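Chain and residue survey
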Amino acid sequence: MRLTAVDGSVGRTEDGSAIDLSLVSDARPGDWVLGFLGAARRQLEPEEAAQIRDALAAMVAALDGERLDTAFADLAGREPTLPPHLEAARAAGLTEA
């Protein structure tokens, strides 16, 4: 979330909602914060905030049934793989955990 205003330990975000800034008392308007359950947990660099926004947008697109080739270019056009321990279990014929 990007802060648009700060009044004591309460911040306002771009959508107008309030967020508790008790854990990030040095946050200022224009700063990006990671929020959870109505409280800012830590400040974010703009680059990290952009990565989080992009990931959330990809999740929304996936839920809407959109193709995600651009969001997950490293996964597009290849067969999915299992972690080594699961691949070994599959190769051994195991079908249940």
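Residues numbered from 1 in each chain as written. Predicted model: local features only at pLDDT ≥ 70, side-chain atom pairs only at ≥ 80, totals over all residues. Heavy atoms only, no water.

1. Observations concerning the overall build of the protein chain
When its secondary structure is counted, the protein chain shows two helices and five strands. Taken from the N to the C terminus, the helices and strands of the protein chain come in the order β-β-β-β-β-α-α. Radius of gyration (C-alpha) of the protein chain: 20 Å, far over the 13 Å computed for a compact globule of 97 residues. Each of the three principal axes of the protein chain carries a C-alpha extent, and together these read 60 × 30 × 20 Å. Relative to its full complement of 97 residues, the protein chain shows a buried share of 15%. Sequence-distant contacts, at least 24 apart, represent 15% of the contacts inside the protein chain between residues at least 6 apart. Surface exposure of the protein chain reaches about 7400 Å², of which carbon and sulfur atoms provide 56%. Here the protein chain contributes 9 positive and 17 negative side-chain charges, whose respective centroids are spaced 2 Å apart. (Helix = DSSP H or I, 4+ residues; strand = E, 2+ residues; numbered from the N terminus. Rg over C-alpha atoms; globule rule 2.2 N^0.38 Å. Buried < 20%, exposed > 50% of the residue type's maximum accessible area, 1.4 Å probe, protein only. Contact = heavy atoms within 4.5 Å. Areas by Shrake-Rupley, 256 points an atom, 1.4 Å probe, with all protein chains shown as cover. Lys, Arg positive; Asp, Glu negative; His and termini not counted. Charge placed at Lys NZ, Arg CZ, Asp CG, Glu CD.)

2. Concerning the packing of aromatic side chains
Going through the model one piece at a time under the given rule, you end up with zero aromatic pairs. One residue, R53, lies across the ring of W32, its end atom 4.5 Å from the ring centre. (Phe/Tyr/Trp six-rings, centres within 6.5 Å; stacked < 30°, edge-to-face > 60°. Lys NZ or Arg CZ within 6 Å of the ring centre and 35° of its normal.)

3. Regarding the pattern of salt bridges
This model, assessed by the stated rule, comprises two salt bridges. Note that E48 and R42 form a salt bridge whose closest N and O atoms lie 2.7 Å from each other. Given the relative accessible area of 27%, E48 is considered partly exposed. Relative accessible area serves as the criterion here: at 37%, R42 is assigned to the partly exposed category. Residues R90 and E87 are paired through a salt bridge, measuring 2.4 Å at the closest nitrogen-oxygen approach. (Salt bridge = Lys/Arg side-chain N within 4 Å of Asp/Glu carboxyl O.)

4. Some points on the nonpolar core
Core analysis: the largest hydrophobic core is formed by seven residues, namely L3, I19, L21, V24, A27, V33 and A40. In this structure L21 touches L3, V6, S9, V10, G11, A27 and A40, once residues within four positions along its chain are discounted. (Core = buried A, V, L, I, M, F, W, Y, C linked by side-chain atoms within 4.5 Å.)

5. Side note on the environment of R2
Within the fold, R2 resides in the segment before strand 1 (3–7). Counting along the chain gives ten residues from R2 to R12, while the straight-line C-alpha distance between them is 8.4 Å. With sequence-adjacent residues up to four places away left out, R2 is seen in contact with R12, T13, E14, G30, D31 and W32.

6. Remarks on helix 2 (residues 84–91)
Little of helix 2 sits out of view: just zero of its eight residues are buried. Directly after helix 2, the chain includes G93, whose backbone phi takes a positive value near 90 degrees.

7. Observations regarding the pairing of strand 1
Here four bridges tie strand 1 to strand 2 (residues 10–13), and the two strands are oriented antiparallel to one another. Each bridged residue has a counterpart across the sheet, and for D7 the counterpart in strand 2 is V10. (Pairing = 2+ DSSP bridges.)

8. Details of the confidence of the model for the protein chain
When pLDDT is averaged across the protein chain, the result is 89; 95% of the residues are at 70 or more. Summarising per-element confidence for the protein chain, the mean pLDDT is lowest in helix 1 (residues 46–63) (89) and highest in strand 3 (residues 18–20) (97). (pLDDT = per-residue confidence, 0-100.)

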